[in-house]
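Each chain is listed here by its residues.
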Amino acid sequence: MREVARPEDADRRLLSLDVFRGLTVAAMVLVNNPGTWRAVYGPLRHADWHGWTPTDLIFPFFLFIVGVAIPFGLGRRLDADHARGQVVQKVLWRGLVIFLLGLVLHAISSMDLATIRIPGVLQRIAVCYLVASVVFLFFGRGAQLLIAAVALLAYWTALILIPVPGFGAGDLGKEGNLAAWIDRSVLGAHIWRVGRVYDPEGILSTIPAIATTLFGVLTGQWLRGASVSAAIAGRLLLSGVAGVVIGLVWGRWFPINKSLWTSSYAVFTAGAALLALAACYWLIEIKRSRWWTGPFRILGVNALAVFFLSTLLAILLARISILGSDGRPHSLQAVLFDALFAPWAPPAAASLAWAIANVALWLALLWPFSRRGVRLTV
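Rules and cut-offs
Residues numbered from 1 in each chain as written. Predicted model: local features only at pLDDT ≥ 70, side-chain atom pairs only at ≥ 80, totals over all residues. Heavy atoms only, no water. Helix = DSSP H or I, 4+ residues; strand = E, 2+ residues; numbered from the N terminus. Rg over C-alpha atoms; globule rule 2.2 N^0.38 Å. Buried < 20%, exposed > 50% of the residue type's maximum accessible area, 1.4 Å probe, protein only. Contact = heavy atoms within 4.5 Å. Areas by Shrake-Rupley, 256 points an atom, 1.4 Å probe, with all protein chains shown as cover. Lys, Arg positive; Asp, Glu negative; His and termini not counted. Charge placed at Lys NZ, Arg CZ, Asp CG, Glu CD. Salt bridge = Lys/Arg side-chain N within 4 Å of Asp/Glu carboxyl O. Patch = residues over 30% accessible without salt bridge, like charges linked within 9 Å, V, L, I, M, F, W, Y side chains within 5 Å. pLDDT = per-residue confidence, 0-100. Core = buried A, V, L, I, M, F, W, Y, C linked by side-chain atoms within 4.5 Å. Axes fitted to C-alpha atoms, helices over the stretch in contact; angles between N-to-C directions. Parallel < 35°, antiparallel > 145°, perpendicular 65-115°, else oblique. Left-handed = near helix turned anticlockwise from the far one by under 90°. Nonpolar A, V, L, I, M, F, W, Y, C, P; charged D, E, K, R; others polar. Phe/Tyr/Trp six-rings, centres within 6.5 Å; stacked < 30°, edge-to-face > 60°. Lys NZ or Arg CZ within 6 Å of the ring centre and 35° of its normal.

The next point concerns the overall build of the protein chain. Helices and strands together make up the secondary structure of the protein chain, namely 14 helices and four strands. In terms of C-alpha radius of gyration, the protein chain reaches 21 Å, essentially the compact-globule figure of 21 Å for 378 residues. Principal axes of the C-alpha set define a box for the protein chain whose edges measure 65 × 55 × 40 Å. A total of 378 residues make up the protein chain; the buried ones form 48% of that total. At a minimum sequence separation of 6, the contacts of the protein chain that also span at least 24 residues come to 71%. In the structure as shown, the protein chain presents an accessible area of about 17,500 Å², 67% of it carried by carbon and sulfur atoms. Of note, the protein chain has its 32 positive side-chain charges centred 5 Å away from the centre of its 18 negative side-chain charges.

Attention now moves to the pattern of salt bridges. Applying the stated rule across the entire model yields seven salt bridges. In this structure, Lys258 and Glu201 form a salt bridge, with 3.2 Å as the shortest nitrogen-oxygen distance. Taken as a pair, Lys258 in the loop between α9 (230-250) and α10 (263-286) and Glu201 in the loop between α7 (178-187) and α8 (206-224) lie far apart in primary sequence, 57 residues in all. When sorted by exposure, Lys258 lands in the same class as Glu201, which is buried. Salt-bridge contacts for Glu285 lead to Arg290; the nearest nitrogen and oxygen are separated by 3.3 Å. Because the salt bridges share partners, they merge into one network encompassing Arg117, Asp199, Glu201 and Lys258.

Attention now moves to the environment of Ile58. Inspection of the secondary structure assignment puts Ile58 in helix α3 (residues 58-79). What makes Ile58 buried here is its relative accessible area of 10%. Each residue touching Ile58, except ones within four places of it in the same chain, is listed here: Thr24, Ala27, Met28 and Val31.

Another point: the side chain of Gln144. Note on placement: Gln144 falls in helix α6 (residues 141-161). Not counting residues within four places of it along the chain, the set of residues in contact with Gln144 comprises Val135, Phe136, Phe139, Leu214, Val217, Leu218 and Gln221.

A few words on a nonpolar patch on the surface. Residues Leu237, Val241, Val245, Val249 and Trp253 make up a contiguous nonpolar surface patch of about 480 Å² in total accessible area. Looking at the element boundaries, Val245 is found in helix α9.

The next subject is the confidence of the model for the protein chain. Model confidence for the protein chain is summarised by a mean pLDDT of 92, while 96% of its residues fall at 70 or above. Looking at the elements of the protein chain, mean pLDDT is at its lowest for helix α1 (residues 9-12), recorded as 44, and at its highest for α6, recorded as 98. Long-range and interchain partners of residues 2-11, a stretch whose pLDDT sits below 50, account for 14 contacts in this model, where long-range means more than four residues apart.

Below, the discussion takes up the nonpolar core. In a soluble, globular protein the nonpolar side chains are often hidden away together inside. In terms of nonpolar packing, the biggest core is built from 98 residues, with Leu122, Ile125 and Leu223 touching the most fellow members. Sorting elements by how many residues they give to this core places α10 first, with 13 residues. In this structure, Ile125 is in contact with Phe59, Phe62, Leu63, Val66, Ile98 and Leu304, ignoring residues within four places of it in sequence.

In this structure, Trp261 is a non-glycine residue whose phi angle is positive, near 50°. Mapped onto the elements, Trp261 comes out in the loop between α9 and α10. Of note, Arg288 is a non-glycine position whose phi angle comes to about 60°, a positive value. Here Arg288 lies in the loop between α10 and α11 (294-301). Accessibility expressed as a relative area gives 54% for Arg288, which makes it exposed.

Moving on: the packing of α3 against helix α5 (residues 121-138). Two elements in contact, α3 and α5, have axes separated by 10 Å at closest approach and are oriented at 40°. Between α3 and α5, the crossing angle belongs to the class labelled oblique. Between α3 and α5 the crossing geometry is right-handed. Contact residues: α3 offers Phe59, Phe62, Leu63, Val66, Ile70, Pro71, Leu74, Gly75 and Leu78, while α5 offers Val121, Arg124, Ile125, Cys128, Tyr129, Ala132, Ser133, Phe136 and Leu137. Considered class by class, the residues forming the contact of α3 with α5 number 15 nonpolar, two polar and one charged.

For the rest of this paragraph, the subject is the packing of aromatic side chains. In this structure the tally under the stated criterion is 13 aromatic pairs. Pairing Phe341 with Trp354 gives two aromatic rings, centres 5.5 Å apart and planes at 70°, and the pair type is edge-to-face. Of the two residues, Phe341 sits in the loop between α13 (332-340) and α14 (347-371) while Trp354 sits in helix α14, which places them 13 residues apart along the sequence. Look at Trp354 and you get buried, because its relative accessible area is 8%. Pairwise contacts between aromatic rings join Tyr155, Trp156, Trp250 and Phe254 into one cluster. Over the ring of Tyr129 we find Arg94; its NZ or CZ atom is 4.9 Å from the centre of that ring.

Take a look at the structure:
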């Protein structure tokens, strides 16, 4: 997971994309690591089911960015006359490593192989990266857009029209929807432990998540093939507005839902990602406002490592138990939070302070690597 940056790499990277990725992974760490889940501000929680909060934008933003980066990374290999077969082998290997890292986190979290969760965030990233990369390597832009559109329409049709045993067709509840039924039928106990009813990164809902990634691929090809200009920022802005509007309108018939990754959610969040990227692009590439970008660039070029290591640390802090002053075992996280954060602020503010400290910790640990031109990557 170690890579030394070459001098010419700086010229090949789009700083606004790295910063957008860094902002996204910082948000990921922030919302995944509260001091206590009993006290979290509303915008830092996921919507219970239908609807969305700012937190529900983070994962699709990351997948969109994965897609944007594909033409930059794989396109350079093709430009260097690497055979497509060789590139596919590298994509397969990277996807496998990311998938296995996700399984490692689940194994550490719960050692019971009979119930270990198979889907997950890193697993979904791996599958979406793999499929979107292969589509990029073997199909043109028109076909890429068509594949994304067909995936979203087919998913919508399937969830509305295919009957689920015991529930019928069109049930979009937590237990009665087609995606949840497939997860239970295929994966059994190897799904999200909360209720064992559905998995938010399940099998069928990965199809529209792939479409999210392909929207990023299309954007990446556009950015890579154009010179930096205010016109590009304007087009990103207009495309983002169109995506948000289409997603909101579609949501009247197929509700925006992160756990189901509904088609309206995929389009809406892709539009929101385009708006966020447009803002970063305009500030950084056009206005040359870069004084604030350093920390987010560091997080952005080490995004997968930050997510994996921060999740690993959270699991270990939760699993390590020590005796508290009351003589009962408490997780190490609870002990540290109660001693260092809880006494100084109201519960939700203290919980947020712990999360911010997590982001600062990983930034501090990565800063020396950045100064030496080293990136931790897969």
